[in-house]
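Here is how the chains run, residue by residue.
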Amino acid sequence: MDDNGKSAHIIRELEDKHLQSVVSLTAWWKESRVEGRELSVATGSIIHSSKIMLVLGCAHIFQSFITCYGPGFDTALILNGNITIRLNFFDGHSAEGRVYCIDWWKDLCLVLVPVPNKLYESVKFIEDENMMGQSVYTRGERVFSIFCLPTHEKDGKLLFGTIAEGEISGLPITANDFTWRYHSDLEFFEFAMSAEGGASGGPIFTKKMLVMGILLGGYDGMKFAVRIDQIRRWILDCFNIKGTKNMNETVAKLSADLSARWTKKAESKVSSRRGLA
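Residues numbered from 1 in each chain as written. Predicted model: local features only at pLDDT ≥ 70, side-chain atom pairs only at ≥ 80, totals over all residues. Heavy atoms only, no water.

Counting residues in each nonpolar core, the largest one holds 53 residues, and the members touching the most others are Leu 110, Phe 188, Met 212 and Ile 231. Looking at which domains feed residues into this core, each of domain 1 (3-114) and domain 2 (130-232) supplies at least three. Of all hydrophobic cores here, the second largest spans 23 residues; its members include Met 53, Ala 95, Val 99 and Val 111. (Core = buried A, V, L, I, M, F, W, Y, C linked by side-chain atoms within 4.5 Å. Buried < 20%, exposed > 50% of the residue type's maximum accessible area, 1.4 Å probe, protein only. Domains from an automatic or database assignment.)

Okay, here's the thing in structure tokens:
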């Protein structure tokens, strides 16, 4: 099979297995849920789907709120539930989630859906040992990304998913090499892909259909994705997780901890009601 045939095969596999693992994220003020007030749309990756659903996305989905409401806008307004997130899935289903953790430094956010009505396939990440020699981040390595936005049919719930192909165009770089926007030691990889072939928050897949990064944006005609080991570092720091070897283990530990925490919280509310009865 030639390179074009291999690419077509990978794209078909991604469509079959992973279109359901990406969602369209829309943010709006909870107190002002009025048609036309939805301010931002981005792509998110489902990293866990069971008793709770976890979605990894881009924090700059909230940048328009800062633009609208000025520099005094505080991320606490997001974390305290003032901002609602709607998740639109590929099959027309939608759900509401809350921003559980946000980090402007790495421009990432974690969205939690406490009790999902439906379960979907979650993305799988490359293992740390595959990154030791930078083998998946070498120049010329083929990459694929799913771009996901609402079609505006049936109240905008159906998604249009496009899988684009590109290739890594350089060695891993730090934010200090190309922009002041991110923390200087945050590591990215640079790749070339058609202008319409990616969206902020979209997962970047290897040829083996494992996620190697999350697209954050473009600069000077190129696209940049934050590396998975950097995202893992963010999760470890935010949630004080110990004893995991790679991103898949980290996500498993995170989801188990959050599921237990949410279950305990729900049981506590039930007990309080019974006490008042």
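Turning next to the packing of aromatic side chains. One pass over the full model with this rule turns up 5 aromatic pairs. Arranged with centres 6.2 Å apart and planes meeting at 15°, the rings of Tyr 100 and Phe 239 form a pair that is stacked. Pair noted here: Tyr 100 is in strand E5 (residues 94-103) and Phe 239 is in helix H4 (residues 228-239), with a separation of 139 residues, a long-range link. The exposure class of Tyr 100 is partly exposed, given its relative accessible area of 21%. Three or more aromatic residues link up through ring pairs in this structure, and these residues are Phe 89, Phe 90 and Tyr 120. Lying over the aromatic face of Tyr 137, Arg 227 brings its terminal NZ or CZ to 4.6 Å of the ring centre. (Phe/Tyr/Trp six-rings, centres within 6.5 Å; stacked < 30°, edge-to-face > 60°. Helix = DSSP H or I, 4+ residues; strand = E, 2+ residues; numbered from the N terminus. Lys NZ or Arg CZ within 6 Å of the ring centre and 35° of its normal.)

Another aspect to go through is the pairing of strand E3 (residues 53-58). With 6 of 6 residues buried, E3 is to be regarded as a mostly interior element. Burial along E3 is two-sided: the residues Met 53, Val 55 and Gly 57 and Leu 54, Leu 56 and Cys 58 are all buried. In this structure, E3 lies alongside strand E6 (residues 108-113), joined through 6 bridges in antiparallel fashion. Pairing of Val 55 across the sheet is with Val 111, part of E6. (Pairing = 2+ DSSP bridges.)

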